[in-house]
Amino acid sequence: MATPDTRTQLLDAAEHLFAEHGYRGTSVRAITKLAGANLAAVGYHFGSKAELMAAVARRVIEPINAAQCAGLDKLLARTPDPSVSELVEAFAGPLFDQMSAGGEGGSRTSRLIVTILGDPAEEARSWTGPAEDTVRERYLAAFARVLPGLSPEELWFRIRGILAVTAVDRIEVHHQPSPGCTSPVAGEAARRWAITFLTAAMSAPPTRT
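Residues numbered from 1 in each chain as written. Predicted model: local features only at pLDDT ≥ 70, side-chain atom pairs only at ≥ 80, totals over all residues. Heavy atoms only, no water.

As a further point, take the overall build of the protein chain. Looking only at helices and strands, one finds nine helices and zero strands in the protein chain. Starting at the N terminus and ending at the C terminus, the protein chain contains elements arranged as α-α-α-α-α-α-α-α-α. Considering the protein chain as a whole, with its 209 residues, one finds that 43% of them fall into the buried category. Within the protein chain, counting contacts between residues at least 6 apart in sequence, those at least 24 apart form 72% of the total. When the accessible area of the protein chain is evaluated, it comes to approximately 11000 Å², of which 57% is carbon and sulfur surface. (Helix = DSSP H or I, 4+ residues; strand = E, 2+ residues; numbered from the N terminus. Buried < 20%, exposed > 50% of the residue type's maximum accessible area, 1.4 Å probe, protein only. Contact = heavy atoms within 4.5 Å. Areas by Shrake-Rupley, 256 points an atom, 1.4 Å probe, with all protein chains shown as cover.)

Along the chain, T32 turns up in helix α2 (residues 28-35). Given the relative accessible area of 3%, T32 is considered buried. The sequence separation of T32 and L10 amounts to 22 residues, and the corresponding C-alpha distance is 6.6 Å.

Ranked by internal contacts, the top residues of the largest apolar core, which has 58 residues, are F18, I31, L52, F143 and M202. Those residues in contact with F143 that sit more than four places away from it in its chain are V84, L87, V88, L155, I159 and M202. (Core = buried A, V, L, I, M, F, W, Y, C linked by side-chain atoms within 4.5 Å.)

By the secondary structure assignment, Y23 is in the loop between α1 (6-21) and α2. Taking the relative accessible area as the measure of exposure, Y23 reaches 7% and is therefore buried. Separated by 97 residues in sequence, Y23 and P120 have C-alpha atoms that sit 8.7 Å apart. Once residues within four sequence positions are removed from consideration, Y23 is found in contact with F18, K49, A50, M53, D119, A121, E123 and A124. A distance of 3.2 Å separates a polar side-chain atom of Y23 from the backbone nitrogen of A50. (Polar contact = N/O pair within 3.5 Å; in protein donor to acceptor, adjacent residues only side chain to side chain.)

Taken as a whole, this structure holds three aromatic pairs when the rule is applied. Between the aromatic rings of F18 and Y23, the centroid separation amounts to 5.7 Å while the plane-to-plane angle is 25°, which identifies the pairing as stacked. For the pair F18 and Y23, one class covers both residues: buried. Between Y139 and F143 the ring centres are 6.4 Å apart and the planes differ by 40°, which places this aromatic pair in the tilted class. In this pair, Y139 and F143 are both assigned in helix α7 (residues 130-146), four residues apart and thus about one turn of the helix distant. Members of the aromatic cluster, connected to one another through ring pairs, are F91, Y139 and F143. Positioned above the aromatic ring of W156, the side-chain terminus of R136 is 5.8 Å from the ring centre. (Phe/Tyr/Trp six-rings, centres within 6.5 Å; stacked < 30°, edge-to-face > 60°. Lys NZ or Arg CZ within 6 Å of the ring centre and 35° of its normal.)

Further remarks concern the side chain of Q68. Turning to its location among the elements, Q68 is positioned in helix α4 (residues 49-78). At 2.9 Å, the side chain of Q68 forms a polar contact with the backbone oxygen of F91. Every residue in contact with Q68, bar those within four places of it in the chain, is listed here: A90, F91, P94, L95, V135 and Y139.

Once that is clear, we can look at α7. For α7, with 17 residues, the first-to-last C-alpha span of 25 Å sits near the 24 Å given by 1.5 Å per residue. E132, V135, Y139, L140, A142 and F143 are the residues of α7 that are buried. (Expected span 1.5 Å × (residues − 1).)

Okay, here's the thing in structure tokens:
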């Protein structure tokens, strides 16, 4: 097996450290030390720590986004009026696929997504671009058609809730697996539970002001 190049080693090290310590809690020195690279390598390959964070986030999120778009395409090709449950599964399913409970990689992806959602550092959330905007807008539009009573703001809040619930569940399963259950079984069960729970949450009446 070929040895990973320096850029890949930096991405791997940064993903691990950002997931564990957040953006501000991770220094360039710590990243290069873990990657076995010199201190100037981050600047050479990425330009800055912020750009490295963006590259890490994109590497993790892009496969999820692609699967979400493919799932929505398949769903809309079958019916122009999918149910809330079908939309939730198309959106949340790829999160479970990419954040499997059976290994450290899935847990690290989960922790990184939680970091992106909740890290106070602006750099942890300012990495998005047109691809991410497209996924968001497509799902907002699809959910809006089946949940017309929700304001765009409340609808997007609920969609963010899907991300948060799924990521936190994957972290919890990795650290405290259900007694007597193997990880794949727990993961499949959690996927079904999540679809049921999140469908109910998405379908709840609009919040009264």
